[in-house]
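# Overview (structure and organization)
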Amino acid sequence: MRPRIGYKKLAAVGVAAVVGVASTIALTSGSASASPVFGYSGYSYGTDVESGLANSGPQVVSKFGCTTDATKADKNDIATANVNNQAIARSVRTDTHAFNDKRGTGVTSNATAVDIKVGNLLTLTGVKTTTTAKYSKGQLSYTGNTTFAGVKIGAISVPSLIKPKWNTKVAVPGLGYIVLNRVGGVKTSSGIYSYAQAVVLHATVKNQYIPEGVDVAVLKTRAEISKPATALVIGDAYGTKANADKLVVSGPTSLQTTCQGTEGKTVRVAVGELNIPKVAYVGAVYTTKNGAIGENKSYINFTSHVGGVKVGNLSIGAIESSASAWKTKDGKGGVSSSSSIASIKVGNKTYPVATGENKTLEIPGVARLTFNQVLRQQRYISVNALVIDVYSLNTKVIVGHSAAGVVS
């Protein structure tokens with residue numbers, strides 16, 4: 001779970017116009033005798049900033065969302081993974097894959113790096129981390145581990161940390177502290193997920209490498225497997241994401257995904273106000289998910305809430321979206337979505353918010369806005385409350401994303 005650092009309450013926003021849009025589609029296909037399915041999901045990251053730097057999302061990513069395909073796999077490699085313009089990890093490789101064999105059925109995620117360095121404060125060499133979550137003979141289990149070829153804190157080698165115990169905390173002068181071989185797992189009535197992280201850097205003092213108050217996970221892996229169910233639930237939600245051409249300027253904020261649901265509980269992830277450098281200022285963001293999978297019914301609902309966005313002299317009021325999907329064992333099901341935007345201003349001029357799906361507004365010399373951008377597929381729906389194409393920056397900012405679906 002990401003640490004709750006620097007959260008701020010969602011700011012109240014003056015409303016010039018409030019527009020709500022909803023779309024629903026019902027589906028009735030399938031058979032009451034359909035076989036239960038497993039769900040596979042996993043990822044491996046080279047680095048992931050867990051607080052503070054909006055422009056440093058996950059790097060060297062290998063991942064796949066909830067799937068019933070036991071042969072699903074992904075891999076990636078890169079020379080370096082950078083945080084705050086510092087080369088934190090070199091020669092990074094990641095991979096994640098599903099399996100169904102004599103071990104059982106599950107997911108394994110791996111990540112390696114030739115070295116991880118924070119200036120002359122910390123050097124970790126020959127780093128390997130892995131985690132596996134599996135279902136075998138009716139039982140759920142997980143494993144995870146990280147090993148190092150060498151560990152040096154400052155100028156001092158520490159051989160005792162080459163094979164650290166789970167969640168080993170070590171002070172690093174000039175930085176703060178680190179947690180080596182961070183491992184854990186969460187078992188629910190629906191399945192299990194596990195994680196393993198080679199090292200989590202906690203910058204608690206001022207230094208030239210990582211801003212004070214920022215946490216960085218390096219070689220971060222996760223694996224997830226669900227118990228057999230009538231259908232799997234899929235989808236995601238995030239507050240904002242920005243891309244310039246194919247380059248990620250800012251990764252998804254307050255990202256949530258799922259394969260198993262939440263056992264019917266509402267899970268909330270939030271961040272405070274943030275800046276996307278040279279692109280936008282974003283108000284407080286939070287997302288929610290709520291759902292469950294089972295033998296009789298599977299369902300999921302995602303929501304996204306953004307306390308306003310400013311791009312140059314363009315100001316957007318509070319933005320929200322939601323997406324839902326469900327399916328019963330007799331084959332009945334459906335999907336729905338909604339979105340709303342409080343207001344749009346450029347300077348002192350207020351613009352109307354278009355109603356309906358996939359409506360656009362051209363603001364000459366500023367941006368092209370797309371409202372309630374909806375994509376439908378069988379038993380799946382995705383909605384972006386707002387997409388801003390910023391002309392001067394050749395950048396696209398997605399605001400208020402929610403998606404939901406079921407797979408069987």
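Note: the structure precedes this text.
Parameters and conventions
Residues numbered from 1 in each chain as written. Predicted model: local features only at pLDDT ≥ 70, side-chain atom pairs only at ≥ 80, totals over all residues. Heavy atoms only, no water. Helix = DSSP H or I, 4+ residues; strand = E, 2+ residues; numbered from the N terminus. Contact = heavy atoms within 4.5 Å. Areas by Shrake-Rupley, 256 points an atom, 1.4 Å probe, with all protein chains shown as cover. Core = buried A, V, L, I, M, F, W, Y, C linked by side-chain atoms within 4.5 Å. Buried < 20%, exposed > 50% of the residue type's maximum accessible area, 1.4 Å probe, protein only. Polar contact = N/O pair within 3.5 Å; in protein donor to acceptor, adjacent residues only side chain to side chain. Pairing = 2+ DSSP bridges. Axes fitted to C-alpha atoms, helices over the stretch in contact; angles between N-to-C directions. Phe/Tyr/Trp six-rings, centres within 6.5 Å; stacked < 30°, edge-to-face > 60°. Lys NZ or Arg CZ within 6 Å of the ring centre and 35° of its normal. Salt bridge = Lys/Arg side-chain N within 4 Å of Asp/Glu carboxyl O.

## Considerations on the overall build of the protein chain
The secondary structure content of the protein chain amounts to 0 helices and 32 strands. Across the protein chain, contacts joining residues at least 24 apart in sequence account for 59% of those joining residues at least 6 apart. Accessible surface computed for the protein chain: about 17900 Å², of which carbon and sulfur atoms make up 51%.

## Considering the nonpolar core
Counting residues in hydrophobic clusters, the biggest one holds 35 residues, and the most contacted among them are I116, L124, I178, L201, I210, V218 and L219. Beyond its immediate stretch of four places on either side in the chain, V218 contacts G46, T47, I88, A89, I116, Q197, A198, V199 and L201. Counting 32 residues, the second-largest nonpolar core is a separate cluster that includes V353, I363, F371 and L386.

## Some points on unusual backbone geometry
Leave glycine aside and you will find that most residues have negative phi; peptide bonds, for their part, are mostly trans. Residues other than glycine seldom take positive phi values, yet L219 does so here, at roughly 55°. Along the chain, the position of L219 falls in strand β14 (residues 215-226). Phi is positive for N358, close to 55°, though the residue is something other than glycine. On the secondary structure map, N358 appears in the loop between β28 (349-351) and β29 (359-363). Here N358 falls in the partly exposed class, since its relative accessible area comes to 38%.

## Some thoughts on the side chain of T105
Position of T105 relative to the elements: it lies in strand β6 (residues 104-118). Residue T105 is classed as buried on the basis of its relative accessible area, which comes to 3%. Separated by 2.4 Å, the side chains of T105 and Y40 make a polar contact. Look past the residues within four positions of T105 in its chain and what remains in contact with it is F38, Y40, F99, N100, A133, K134, Y135 and I225.

## Some words on the pairing of strand β12 (residues 176-187)
In this structure, strand β11 (residues 168-172) lies alongside β12, joined through 5 bridges in antiparallel fashion. Considered in β12, the bridge of K169 is made with V179. Hairpin connection of β11 to β12: 3 residues between the antiparallel strands, including G174 at a positive phi of 90°. Sheet topology places β12 next to strand β13 (residues 191-203); 11 bridges connect them, and they run antiparallel. The residue bridging R182 from the neighbouring strand is Q197, located in β13.

## Details of the sheet that holds strand β23 (residues 309-311)
The strand order β19-β20-β23-β24-β27-β28 describes an open sheet built from 6 strands, whose pairing is antiparallel. The open sheet has two free edges, formed respectively by β19 (274-276) and β28, since each of these has just one partner strand. Going from strand to strand, the sheet's axes swing by 20° on average, the running direction of each strand aside. Sheet topology places β23 next to strand β24 (residues 314-316); 3 bridges connect them, and they run antiparallel. Bridge pairing links V311 to L314 in β24.

## As for the packing of aromatic side chains
To describe a pair of aromatic rings, one takes the distance between the centres and the angle between the planes. Inspection of every chain in the model, using the stated rule, returns 3 aromatic pairs. For the ring pair Y43 and Y45, a centre distance of 4.3 Å and an interplane angle of 10° mean the geometry is stacked. Seen from their ring centres, Y142 and W166 are 6.2 Å apart, and the 20° between their planes marks the pair as stacked. With Y142 in strand β8 (residues 139-147) and W166 in the loop between β10 (156-157) and β11, the pair connects residues that are 24 residues apart, well separated along the chain. Exposure remark for Y142: the relative accessible area of 29% places this residue in the partly exposed category. A cation sits over an aromatic face here: R103 above F99, 3.8 Å from the ring centre. The ring of Y286 carries the charged tip of R268 above its face, separated from the ring centre by 4.1 Å.

## Points about the sheet that holds β11
An order of β3-β2-β14-β13-β12-β11 is seen for the 6 strands of this open sheet, with the pairing classed as antiparallel. Because the sheet does not close on itself, it has two edges, and the strands there are β3 (62-67) and β11. Going across the sheet, the axis of each strand differs from the next one's by a mean of 10°, ignoring polarity.

## Description of the environment of V151
With respect to the secondary-structure elements, V151 resides in strand β9 (residues 150-153). Measuring from C-alpha to C-alpha, the distance between V151 and I116 comes to 9.7 Å, with 35 residues separating the pair along the chain. Leave out the neighbours within four places in its chain, and V151 touches T123, L124, I156, S157, V158, L161 and I162.

## Some thoughts on the pattern of salt bridges
Under the defined criterion, the tally for this structure stands at 8 salt bridges. One salt bridge in this structure joins R93 and D77, with 3.9 Å as the shortest N-O distance. Linking R93 in strand β5 (residues 86-101) with D77 in strand β4 (residues 73-83), this pair joins segments that are 16 residues apart in sequence. A relative accessible area of 52% means that R93 is categorised as exposed.

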